[in-house]
Amino acid sequence: MDWSRFPRLRVAHLPTPLEPLERLSALLRGPRIWIKRDDCTGVATGGNKARKLEFLLADALKVGADTIVTTGATQSNHVRQTAALSAKLGLDFVALLERRRTTDEPSFNDNGNVFLDRLFGASTRIVPGGTDMRELMERTVEELRAAGRRPYPIPTGGSNPIGALGYVEAAGELLDQAARMGLEIDEILHPTGSAGTQAGLVVGLAARGRPIPVLGLSVGKPRAELEPIVLEMAKQTAEHAGLTVTIDPEAVRVDSDYVGGGYALPTPDMIEAVKLVARCEGILLDPVYTGKAMAGLIARIRAGRHASSRNIVFWHTGGSAGLFAYPEVFDLAADAEGGFRQATLAAGS
Ligand SMILES: *Cc1c(COP(=O)(O)O)cnc(C)c1O
């Protein structure tokens, strides 16, 4: 496709590495697991939003915006990366944060991503869970216009056809990387939330004629609700990109069995997965997205659901700054003794 039609900032550290998880794969005795390190995109501790923001913020500059407005949950990684890049571009930044996990833990409300948002000079407005964020965004944009500003609203997660271009491009990056390594990828798994990452990947693979199965592990919405959202976003993204690919509804697959009580609410399996990957690979996952997705991958491998795959790519979408919002939940002081042995035991070996 002709990328020159789409303005793009070059701010992410790309391509991100593709690495084997040797010890985790051996512990699980399943397929070889590879990790696509989008936690290393380089913007304010990394994450998947950097790829979307390269296109979104280039568009904001093109239309002459002076203020970026976006929404997210309290510990949004998208908001943190948007705050950093707004600072770099000299744009004002307003973050509307919805308190979707209610807790009075100071770490959750002020540390992790919130600490970084404020460090980057964001104005943060935290509102109660259940607030109509779309309406709040519209109202905020109107207020800014009335005050003489030129606001550019970015939807939650940077998920619209402009942002999703980042993952259309990323799919090609992965295919090129795998080709250079002589690696045949059987499946791709990743956490899915606001749909832009998955939509972009599905479109990007289809555009290259390489429809490797993609499975989004939901961190919030149930499968039946999320699959149509991803499919619609994929169609819109393909259209925006000027691609004539047809998106097969069968190519949009979501598993929502590992969400637990809801978005951003910890689960025992998430805690196990975050500890396991830390202790056998030295890699940080996060409590809201990659921890739950990895818990899903581990459970699925243990249940034999990937037995016919040789090589699986786990797309690490970032989020480690969120760990510092959940220290009470991990309670690491309690198992600081012999932690590695526990990780080995947890893997069932
Ligand atoms: C936003 C986010 C996701 C989900 O990406 P979507 O495009 O919103 O589906 C996954 N992981 C992390 C760490 C995120 O911040």
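Report on the accompanying structure. (Residues numbered from 1 in each chain as written. Predicted model: local features only at pLDDT ≥ 70, side-chain atom pairs only at ≥ 80, totals over all residues. Heavy atoms only, no water.)

## So, empty space enclosed by the protein
- Under the criterion given, the structure shown has one cavity of 30 Å³ or more.
- Considering only enclosed or pocket space, the largest cavity measures out at about 30 Å³ in volume.
- Looking at the lining of the largest cavity residue by residue, the class counts come to two nonpolar, five polar and one charged. (1 Å grid on protein atoms, 1.4 Å probe; cavity = no way out; pocket = protein on both sides within 12 Å on 5 of 7 lines; lining within 4 Å. Points joined across faces, edges and corners; volume = space filled by probe spheres on them. Nonpolar A, V, L, I, M, F, W, Y, C, P; charged D, E, K, R; others polar.)

## So, the packing of aromatic side chains
- A full pass over the atoms with the stated rule returns five aromatic pairs.
- Considering the side-chain rings of W3 and F6, the 6.3 Å spacing of their centres and the 65° angle between planes classify their relative orientation as edge-to-face.
- Relative to W315, the ring of Y167 has its centre 5.8 Å away and its plane inclined at 65°; by these criteria the two rings are edge-to-face. You can see Y167 sitting in helix α7 (residues 161-181) and its partner W315 sitting in strand β10 (residues 311-316), a full 148 residues away along the chain.
- Judged by its relative accessible area of 0%, W315 is buried.
- Aromatic rings pair up to connect W3, F6 and F55 into one cluster.
- Against the face of Y289 rests K49, its NZ or CZ located 5.6 Å from the ring centre.
- The aromatic ring of F108 is capped on one face by R101, whose charged end is 4.8 Å from the ring centroid. (Phe/Tyr/Trp six-rings, centres within 6.5 Å; stacked < 30°, edge-to-face > 60°. Helix = DSSP H or I, 4+ residues; strand = E, 2+ residues; numbered from the N terminus. Buried < 20%, exposed > 50% of the residue type's maximum accessible area, 1.4 Å probe, protein only. Lys NZ or Arg CZ within 6 Å of the ring centre and 35° of its normal.)

## Description of the environment of V11
- Checked against the element boundaries, V11 lands in the segment before β1 (18-20).
- A relative accessible area of 18% means that V11 is categorised as buried.
- Spatially, the C-alpha atom of V11 lies 15 Å from that of Y167, the residues being 156 residues apart in sequence.
- Apart from residues lying up to four places away in sequence, V11 is in contact with T41, V43, E54, L85 and K88. (Contact = heavy atoms within 4.5 Å.)

## Things to note about the site of the ligand
- With respect to spatial proximity, 16 residues lie near the ligand, and among them K49, K52, S194, T197 and T317 are the closest.
- Side-chain polar atom of K52 to an oxygen atom of the ligand: 2.6 Å apart, as the coordinates give it.
- Contact distances for the ligand include 2.7 Å between an oxygen atom and a side-chain N or O atom of T197.
- For the ligand, whose accessible area on its own is 380 Å², the fraction buried by protein is 98%.
- Of the pockets mapped on this structure, the ligand occupies the largest pocket. (Near = heavy atom within 4 Å. Polar contact = N/O pair within 3.5 Å; in protein donor to acceptor, adjacent residues only side chain to side chain. Areas by Shrake-Rupley, 256 points an atom, 1.4 Å probe, with all protein chains shown as cover. Sits in = over half its atoms within 2 Å of the grid points.)

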